[in-house]
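# Residue-level structural notes
What follows is the residue order along each chain.
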Amino acid sequence: LDQLAAYGSDEITLELVHQVLGSVPSALVTRLIGNLLLGNVGAGLQAINQAMDGGAEPRQFLGEILDQLRALILLRTGGGEDGTSLAADELDELRSMVGQRPISLALLVRATKLFNEAANGLRTAVRPQLPLELAFVEATLPSEGEPDAATPWGAGGERPRASAGAAKPQEAWQ
């Protein structure tokens, strides 16, 4: 609290706490994860850059991403949510994601591995968001040998395609 008070603000807000600690609002992390599940690369990269531009500490941001991915794996497999450190509203939002559409377990596992490996890249990255962006983009690509299993639209599904004549805006998680 002393550190927050030293910022010269009369009022301590959640936004100020996030700024001082370098953390990211959970809604932004959830939006990133939602866009990962939808395969919306553009909106996911925007969420990463919004967090970084907002003063996020990259390792802490990565930890928050991994916490939500782990919780989704637990929810998806029925492994229970007691082992998560997420707030009730975050878990509710993740439950909603699981209930809205089929989520590929292969995608969740692959994304978790890629983001976990991104921690090594954070140490030497010239641009701290780059390892996070690469992990996000790579997680949305079909894995070799399993063209459909790790795609956001689920095992055995086909990638949605826009009609030939019209450009269709891509769905984004809000």
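The structure under discussion appears in the preceding block.
Presented here is an overview of the structure given in this document. (Residues numbered from 1 in each chain as written. Predicted model: local features only at pLDDT ≥ 70, side-chain atom pairs only at ≥ 80, totals over all residues. Heavy atoms only, no water.)

This next bit is on the overall build of the protein chain. Counting its regular elements, the protein chain contains 8 helices and 0 strands. When its helices and strands are written in sequence order, the protein chain yields α-α-α-α-α-α-α-α. Looking at the protein chain residue by residue over its 174 residues, the buried ones come to 41%. Excluding contacts between residues fewer than 6 apart, the proportion of contacts in the protein chain whose partners are at least 24 apart in sequence is 66%. As presented, the protein chain carries roughly 9800 Å² of accessible surface, and 51% of it is formed by carbon and sulfur atoms. (Helix = DSSP H or I, 4+ residues; strand = E, 2+ residues; numbered from the N terminus. Buried < 20%, exposed > 50% of the residue type's maximum accessible area, 1.4 Å probe, protein only. Contact = heavy atoms within 4.5 Å. Areas by Shrake-Rupley, 256 points an atom, 1.4 Å probe, with all protein chains shown as cover.)

Next up on the list: the nonpolar core. Counting 37 residues, the largest nonpolar core has I33, L37, F61, I65, L69 and F115 as its most contacted members. Those elements that place two or more of their residues in this core are α3 (26-38), α4 (41-53), α5 (58-77), α6 (88-100), α7 (105-124) and α8 (129-140). Setting aside residues up to four positions removed in sequence, F61 forms contacts with V24, V29, L32, I48, A51, M52, A56 and L132. (Core = buried A, V, L, I, M, F, W, Y, C linked by side-chain atoms within 4.5 Å.)

This brings us to the packing of α3 against α8. As a packed pair, α3 and α8 sit with axes 8 Å apart at the nearest point and diverge in direction by 30°. By crossing handedness, the relation of α3 to α8 is classed as right-handed. Touching L32, N35 and L36 of α3 are F136, A139 and T140, all from α8. Within the contact of α3 with α8, the residues separate by chemical class into 4 nonpolar, 2 polar and no charged. (Axes fitted to C-alpha atoms, helices over the stretch in contact; angles between N-to-C directions. Left-handed = near helix turned anticlockwise from the far one by under 90°. Nonpolar A, V, L, I, M, F, W, Y, C, P; charged D, E, K, R; others polar.)

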